[in-house]
Every structure is written in C-alpha cells, then in structure tokens.
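Take a look at the letters that make up each chain.
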Amino acid sequence: MSNVAYQKPFPGLFQTLLGSARSVSEYWDDMFEPWQPPVEKGSDERVPSALPFSDGSEVARGPTVIGSNAGQPRQSIVSQSNSSFGAVSEAELFSDRTEVLSDALPDPVLVGQQYAGGSSSGRPPRRGAGLPETPAGRLLSEVFEGKLRTLAELEPSNPILTRWEAPNYRPTQRDINKVDLEIAMARQRVPGAVDSQASGIGVGPFARESIPARSGRRDWTEEERAEINRIGERHGCHTCGTRNSGIASGNFFGDHQSPTRLNPSGQNQIVLPQCMSCSVRQGGLVSSTARREKP
Amino acid sequence: MKQTTSIRPAYSQVVICDPTAKIEVPLWKKGVPFVASSTCILFMCYPEIDGPTKLTFGDGDDVRTDRSPICERMLKTPGRRIAVETAEGDGIFDMPTSGTETLVRIWANRDWLPDEVGIGIN
C-alpha cells in the first residue's frame, strides 16, 4: 500500500507523512499542467474532460467525486473511449510525481494491525514459522534427535544438550556434524578410553568442525577432501592447531575419529583435518596401542 | 625374489617388525624419515592424501638401488618372520627369516616423503 493511497482523502496526513511544508492550495495547483484552463480552485470544472494521447486519441476524464470529498483531490477512472487500451486506470500525476492507479477508497489504517508479511499471499512469513519440513528435512531432524539421545546417554550433563531453539528449528547437516564431534569427544572422555585426548590419539583440543566418515577407509571424494581442507584452513590441525598442513600440496590429512584400528565395534566415525606431523605421530601411537591391545 | 605393490598406507607410514613377537613401537620425532627400536621400524612414505607409494619388498640384493640406503638396522625377529604392515596392523608383505636377528635396509627415491620405497632383508 503506497503512501499515495493515504494522501488523497487526507491531504493533511499527506503533508505530515512526507514532511512537506507546502500548503494544500499549492499542492492543488501543482496537480494541473500549464495548458489546462484556469478555473476556480476547488472546482471540479477545472478538470479537463479529456486527456490527449500521443496517438491523437483521447481519454475521457469525467469528474467522479467520491462521497463528500468534493473540493479535495479526486480519484477517477479511465473510460475506454477511442483508446486502444483496455480498462486502464487513469494516472493522476501529483506534485511529487506519484500517481494513483485505483479509485478504491483505502481502508482505514488501524493501529496495531499488521499490514505486511501476512500469509494472504500464500508465501511463508520471513520470520517465525519457516519453510514446511521436507522429507529430507524430516530425516535430518530424526537423525539429529537420535544423535542428541546418544550424547545424552554418554554425558547427560553435556552443555550441547541444553539448546535454545526457535519453535520451528530445522537442524542442518552442520548441526548434526557438531553433535557427532561432541559424541566422539564424549566417548574418548570415558574413563579408561585408549584413544583419549591425553593419549595423543583422540580428538584434539583444536577440533571445531568435522565431517561424517563414510567408512574407516581413506578413499576420499573430492567434496570430502575440499571440506577437510576448508576446515583445516579455518580452524587448523585438530591436534596442534597449525594451519600449515606440512606438505607441498597444502592438503590436510583426514583423521578418522575414533581411529579405525581402535574402533572394532564399528561406531560412527568422524573425519577431522590433521597436519603431516601430527598424523605421522598419531600413526605410531595407534600402532603401539593396537599392538598392546592385541589379544 | 621381490614383491611390489602400490598403496596409500594409513598415517603415511609402514611398520617393519616380526608380526609374531611382542614389539616396542618407537615414538616419532619431527623431521626424520624413520624411527626405529630394536624390534620395530616406522618408515614414512608419500603423504597418503596426495597419492600412493610404490613399495618393494624382498631380498636386499633384489631390492637395492644406486642410492645408498636411508635406513640400515638390525631387528630382533624371535619368531623368524618379518613383515611390512600398516600402522593399523594390516599386513602388506611377509616373509620368513633365517635367524632371530635380521638386517633390514631401506632404499627410497628421495630422502623426504618418497613415493618409491624398497625394503631389503638379509
């Protein structure tokens, strides 16, 4: 709803809204072109009966006084006349170059009424409810809830379980990855875990993001490799924090957590970026631990 | 006789030891191509994230190259076997030895992060 819709029946309001210091009479004068015959102010007779078009046709401009607003700027409609146009609203040009395209009276403005962002258009509002959940989104939500339950079993007081969510919060894959990382760290915090952070094998202190591991193998896809590098360049090696991978290619090593050799039960693994030095060092520790664990 | 394979070993290293014996795995030090104890050698390969390493294993005379060996160590092999494994314990090569101590020599096409490694047993 443009401000023009308000200004026609309430010129005073128009002035207030636009901050105009001009009087109504000046405003009235500016409504007409210089070629229009001068008539007395406030008279509808001043309005020409037709407006010429560039093709020589004319559009009838009969006065249409609405209600008791005579003397105020009017609204009128275009008759088809000789014009080839259809039912086109007449454009009354005002001093500020705005125009009115309809003769409908504007609805009164109600204080406290919401005039934008409603649902009449069928589109969701910008805030609040969000998009309806898709099947993929529902699956993500279920996986997310399941992982939160797993984390709750491992560490009931884990801070990540206390969440502040919007009413229609939709978890993303990144949210799931974050819970996965927390689960991996929670498992390694269990007393007696061989792959604890202190052992140098587990999730390091610089771990911030991870990706899910498809398997314990190191057959990375291009997307996985790019994501490992992105996380490594952003947060550094999860063990030592360096952003230098230590090799000429700049690629970070993908480190499975828990280490595949120390994950005989096949629990879900995550992949974290690691630098060359930490990867090699961890390899020795995994080898040592695995042989010690060997029956 | 020699055996050859091309792999991307986990943690970019291989473990050389007697698979039947209890071994002491040495700790890595920064900037060295290998570390060794009396029962085990850890040797660094080409970064697995960047590509495979061609590994050759066999008798020293079959594996040797023109370059001098990077590593030359005597390993205890009480079980009279010697193996090349990944850090995760997966076997790559395995062969019997003649005694309870075995000389292991390792050649490579470059000193740091080689992509061709020969492991010779005598």
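Higher on the page you've got the structure.
Below, the structure is looked at part by part. This one's a predicted model, so the numbers in the text were calculated from it and none came from an experiment.

On to the overall build of chain B. Looking only at helices and strands, one finds one helix and 10 strands in chain B. Going from the N terminus to the C terminus, chain B shows its helices and strands as β-β-β-β-β-α-β-β-β-β-β. Considering chain B as a whole, with its 122 residues, one finds that 39% of them fall into the buried category. Taking contacts inside chain B between residues at least 6 apart in sequence as the whole, the part at least 24 apart equals 71%.

All names here are of chain A. As a packed pair, helix 4 (residues 135-154) and helix 5 (residues 173-189) sit with axes 10 Å apart at the nearest point and diverge in direction by 20°. On the basis of the axis angle, helix 4 is roughly parallel to helix 5. As helix 4 runs across helix 5, the sense of the crossing is left-handed. Contacts from Leu 140, Val 143, Phe 144, Lys 147, Leu 148, Thr 150, Leu 151 and Leu 154 in helix 4 reach Gln 173, Asp 175, Ile 176, Val 179, Asp 180, Glu 182, Ile 183, Ala 186 and Arg 187 in helix 5. Here the residues of the contact of helix 4 with helix 5 are counted per class, giving 10 nonpolar, two polar and five charged.

Now for the pairing of strand 7 (residues 270-274) of chain A. Residues and elements named next belong to chain A. With five of five residues buried, strand 7 is to be regarded as a mostly interior element. Both faces of strand 7 are covered, namely the face carrying Ile 270, Leu 272 and Gln 274 and the face carrying Val 271 and Pro 273. Pairing analysis gives two bridges linking strand 5 (residues 211-212) to strand 7, with the strands arranged antiparallel. Looking at the pairing, Pro 212 lines up with Ile 270 of strand 7. In this sheet, strand 7 lies alongside strand 6 (residues 253-257) in antiparallel orientation, the contact comprising five bridges. Among the inter-strand pairings, Gly 254 is bridged to a residue of strand 7, identified as Pro 273.

Attention now goes to the sheet that holds strand 7 of chain A. Residues and elements named next belong to chain A. Spatial ordering of the open sheet is given by 5-7-6, a layout of three strands whose pairing is antiparallel. The sheet is open, and its two borders are formed by strand 5 and strand 6, each paired with just one other strand. In this fold helix 6 (residues 222-235) packs onto strand 5, strand 6 and strand 7, with an angle of close to 55° to the strand it touches most, strand 7.

Further remarks concern the pairing of strand 10 (residues 116-121) of chain B. All names here are of chain B. Most of strand 10 is tucked away, with five of its six residues classed as buried. Pairing between strand 5 (residues 53-59) and strand 10: six bridges, direction parallel. Directly across from Asp 59, in strand 10, lies its bridge partner Ile 121. With five bridges connecting them, strand 9 (residues 101-108) and strand 10 associate as antiparallel partners. The residue of strand 10 that forms the bridge with Ile 106 is Ile 119.

Here we take up the environment of Thr260(A). Examined against the element boundaries, Thr260(A) turns out to sit in the loop between strand 6 and strand 7. Here Thr260(A) falls in the buried class, since 20 other C-beta atoms lie within 10 Å of it. Each C-alpha atom of the pair Thr260(A) and Arg217(A) lies 8.0 Å from the other, and the pair is 43 residues apart in sequence. Dropping the residues within four chain positions of it, Thr260(A) is found in contact with Gly216(A) and Glu88(B).

On to helix 6 of chain A. All names here are of chain A. Look at helix 6: 20 Å from first C-alpha to last across 14 residues, which is about the 20 Å you get at 1.5 Å a residue. Burial in helix 6 covers these residues: Ile 228, Ile 231 and Gly 232. For helix 6, the arc enclosing every buried residue in end-on projection is 100°, short of the 170-degree limit, so these residues lie on one face. Exposed side of helix 6, more than 90 degrees from the buried face: Glu 222, Glu 223, Ala 226 and Arg 234 are the residues found there.

How each quantity is defined
- Along every chain, residues carry numbers that run from 1 in the direction the sequence is written.
- For naming, the first written chain is A and the first written ligand is 1, with later ones following in the order written.
- With the structure being a predicted model, the display of local features is reserved for residues of pLDDT at least 70 and the display and counting of side-chain atom pairs for 80 or more, all residues being used for whole-chain, interface and lining totals.
- Runs of H or I in DSSP of at least four residues are treated as helices and runs of E of at least two as strands, each being numbered from the N terminus.
- The exposure scheme places C-beta atoms from the backbone and then counts, for each residue, the other C-beta atoms within 10 Å of its own, assigning buried at 20 or more, exposed at 12 or fewer, and partly exposed in between.
- We call two residues in contact when their backbone-placed C-beta atoms lie within 7 Å.
- Each axis is a line fitted through C-alpha atoms, and for a helix only the stretch in contact is used; angles between axes span 0 to 180 degrees, taken between their N-to-C directions.
- Should an angle lie under 35 degrees it is considered roughly parallel, over 145 roughly antiparallel, and from 65 to 115 roughly perpendicular; all remaining angles are considered oblique.
- Each crossing is labelled by how the near helix is turned from the far one, with a counterclockwise turn of less than a right angle marking it left-handed and a clockwise turn marking it right-handed.
- Think of it as three bins: nonpolar holds Ala, Val, Leu, Ile, Met, Phe, Trp, Tyr, Cys and Pro, charged holds Asp, Glu, Lys and Arg, and polar takes everything else, Gly as well.
- Two strands form a pair only when DSSP identifies at least two bridges running between them.
- By this rule the span expected of a helix is its residue count minus one, scaled by 1.5 Å.
- To be clear, the arc concerns the directions from the helix axis to the C-beta atoms.

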